[in-house]
Amino acid sequence: MNYQEIRPPEHLSNHIRYCWTLESTHTETRITPFRTMADGCPGLIYQPKSAGTLYQGSKQLSDLFLFGQSTRYGELQLSGNFQAIGIHFYPNALKTLFGLPAEELTDSCLNLEELIQKKYPALSDQLLYSPSAKDQLEILFHYLDMEQQRSVHLQDATMKHVLTQIVQSRGLIPLKRLQDDLGLSERSMERKFKAYTGISPKLFSRICRFQASLIQLRKNEYDKFSDIAYENNYADQSHFIRSFKEFAGFSPFQYQKKSFEIVENLNQLNPS
């Protein structure tokens, strides 16, 4: 697999964390399973069917689709070859950039071609006939910039503050402290947070804690699993392993021994 990570343009950096391109290095047609891990963020993928088709279970995904928050690990299958580009958003982008009800896309995908066709009918053809992934990204950046201008009124400083505090604390900040700081009840903050991110602040905090432990595994910054459990405030090693399996689909030991992570939080299950 040829993978390249790309920084977003400055004018979209409030919504986009990073972008990537991915191309298969083999030419034969095959069916390849992948596993996604919960990371607290929605995203967008463009995978033209002329190269290969992505499936979520038995559901065939469109060439251009938007995916919401994941509450656990997921499974994808690719029939054919990767020739994909991806855009990884910040947690609240479904609401603040697209104006979509984030909760409706949790653990789900949306055919973005149909949404775009109504507003910008030429965009699908522009993507299809673009000569390179770089050109395709520029087309998508232009589209996202137009969406950004339409949705500027949807920004919410309160939710941005909550998200920033949870992420910076790696999911360890007490939610009660945030509620008190903002003068919100537990129910009010949860309702507002779900509207902007698609999941509850408690679940988002758990995913942030999982991601912090995953980074330690990736960087090999530990001597034993109990070190990771302790540093990320899990009750014990067993608690850490259970949580890791919930969000990754395999244990930390399996990840350590059989990790084939081709894109951050996307693992190829039977690489060759």
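Here, the structure is the one placed above.
Since the structure is predicted, the reported quantities are computational estimates derived from the model, not experimental observations.

K.L.:
Lay out the packing of helix H8 (residues 201-219) against helix H10 (residues 237-248) with the relevant residues and their values.
P.N.:
Each pair of packed helices can be summarised by the angle the axes make with each other and by the distance between the axes. One way to put it is that H8 packs onto H10 with a least axis distance of 10 Å and a crossing angle of 100 degrees. Of the possible angle classes, the one that applies to H8 and H10 is roughly perpendicular. Contacts between H8 and H10 involve Leu-203, Arg-206, Ile-207, Arg-209, Phe-210, Ser-213, Leu-214 and Leu-217 from the first element and His-239, Phe-240, Ser-243, Phe-244, Glu-246, Phe-247 and Ala-248 from the second. For the contact of H8 with H10, the residue count by class is nine nonpolar, three polar and three charged.

K.L.:
Outline the environment of Ile-207, supporting the account with residue identities and numerical values.
P.N.:
For Ile-207, the location among the structural elements is in helix H8. The buried category is assigned to Ile-207, whose relative accessible area is 0%. Separated by 169 residues in the primary sequence, Ile-207 and Ala-38 have C-alpha atoms spaced 6.7 Å apart. Among all residues touching Ile-207, those that are not within four sequence positions of it are Ala-38, Asp-39, Gly-40, Ser-70, Ile-199 and Phe-247.

K.L.:
Report on the pairing of strand E3 (residues 31-36), specifying residues and quantitative values.
P.N.:
Note: E3 against strand E8 (residues 74-80), six bridges, orientation antiparallel. Bridge pairing links Arg-35 to Glu-75 in E8. Note that E3 and strand E12 (residues 266-268) share three bridges and pair antiparallel. Within the sheet, the bridge partner assigned to Thr-36 lies in E12 and is Leu-266.

K.L.:
Can you break down unusual backbone geometry residue by residue, with the values?
P.N.:
You will see that Asn-233, though not glycine, has its phi angle at about 65 degrees, which is positive. Tracing the chain through its elements places Asn-233 in the loop between helix H9 (225-231) and H10. Take Asn-233: its relative accessible area is 52%, and that puts it in the exposed class. Phi at Asn-265 is positive, roughly 70 degrees, even though this residue is not glycine. In this fold, Asn-265 is placed in the loop between strand E11 (261-263) and E12. Residue classification places Asn-265 among the buried residues on the basis of a relative accessible area of 4%.

K.L.:
Break down the packing of helix H5 (residues 157-168) against H8 for me, citing the residues and quoting the values.
P.N.:
Running from N to C, H5 and H8 cross one another at 35 degrees; their axes reach a closest spacing of 9 Å. Along this stretch, H5 crosses H8, giving a crossing that reads as right-handed. In this structure, H5 contributes Leu-163, Ile-166 and Val-167 to the contact, and H8 contributes Pro-201, Phe-204, Ser-205 and Cys-208. The residue makeup of the contact of H5 with H8, split by class, is six nonpolar, one polar and no charged.

K.L.:
Summarise the sheet that holds E12; cite the residues concerned and give the values.
P.N.:
In spatial order, the strands read E6-E5-E8-E3-E12-E11; together these six strands make up an open sheet with antiparallel pairing. Each end of this open sheet is capped by a strand with a single partner; those strands are strand E6 (59-60) and E11. Of the strand pairs in this sheet, strand E5 (residues 52-56) and E8 are connected by four bridges, and their pairing is antiparallel. Residue pairing in the sheet places Leu-54 in a bridge with Leu-78 of E8.

K.L.:
Run through the environment of Asp-236, naming residues and quoting values.
P.N.:
Of note, Asp-236 is situated in the loop between H9 and H10. The partly exposed category is assigned to Asp-236, whose relative accessible area is 40%. Taking the C-alpha atoms as reference points, Asp-236 and Gln-77, separated by 159 residues in sequence, lie 34 Å from one another.

K.L.:
I'd love a proper account of the packing of aromatic side chains, names of residues and values included.
P.N.:
Inspection of every chain in the model, using the stated rule, returns 12 aromatic pairs. Measuring from ring centre to ring centre gives 5.1 Å for Phe-34 and Phe-82, while their planes differ by 70 degrees; the resulting arrangement is edge-to-face. With Phe-34 in strand E3 and Phe-82 in the loop between E8 and strand E9 (83-89), this pair connects stretches of sequence that are 48 residues apart. Per residue, the accessibility class of Phe-34 equals that of Phe-82, and both read buried. Judged by centre distance (5.4 Å) and plane angle (50 degrees), the rings of Tyr-234 and Phe-240 are tilted. Residues Tyr-234 and Phe-240 agree in their burial class; the two are buried. Grouping aromatic residues by their ring pairs yields a cluster made of Phe-210, Tyr-222, Phe-225, Tyr-234, Phe-240, Phe-244, Phe-247, Phe-250 and Tyr-255. Over the ring of Tyr-196 we find Lys-95, and its NZ or CZ is 5.9 Å from the ring centre. The ring of Tyr-234 has Arg-209 sitting right over it, with the charged end atom 4.4 Å from the ring centre.

Cut-offs applied
- Per chain, residue numbering runs from 1 following the sequence as it is written.
- Only residues with pLDDT of at least 70 are given local features in this predicted model, and only at 80 or more are side-chain atom pairs given and counted; all residues enter the totals for whole chains, interfaces and linings.
- As a rule here, side-chain values cover all heavy atoms of the structure and leave hydrogens and water aside.
- All axes are obtained by fitting lines to C-alpha atoms, using only the stretch in contact for helices, and the reported angles, taken between N-to-C directions, cover 0 to 180 degrees.
- The way it works is that DSSP assigns letters per residue, a run of H or I at least four long becomes a helix, a run of E at least two long becomes a strand, and they are numbered from the N terminus.
- Relative orientations are named as follows: roughly parallel for angles under 35 degrees, roughly antiparallel for angles over 145 degrees, roughly perpendicular for angles from 65 to 115 degrees, and oblique for any other angle.
- It only takes one pair of heavy atoms within 4.5 Å for two residues to be counted as in contact.
- Under the grouping applied here, Gly and all other residues not named as nonpolar or charged are polar, the nonpolar ones being Ala, Val, Leu, Ile, Met, Phe, Trp, Tyr, Cys and Pro and the charged ones Asp, Glu, Lys and Arg.
- The classification of residues rests on relative accessible area computed with a 1.4 Å probe and restricted to protein chains. Under 20% of the type maximum is buried, over 50% is exposed, and intermediate values are partly exposed.
- In this scheme, strands are said to pair when DSSP sees at least two bridges between them.
- Handedness of a crossing is defined here by the sense of rotation of the near helix relative to the far one, left-handed for an anticlockwise turn of less than a right angle and right-handed for a clockwise turn.
- Aromatic rings from Phe, Tyr and Trp, with only the six-membered ring used for Trp, were paired whenever their centres fell within 6.5 Å, and each pair was classed as stacked if the ring planes differed by under 30 degrees, edge-to-face if by over 60, and tilted otherwise.
- A ring has a charge above it when a Lys NZ or an Arg CZ is no more than 6 Å from the ring centre and no more than 35 degrees off the ring normal.

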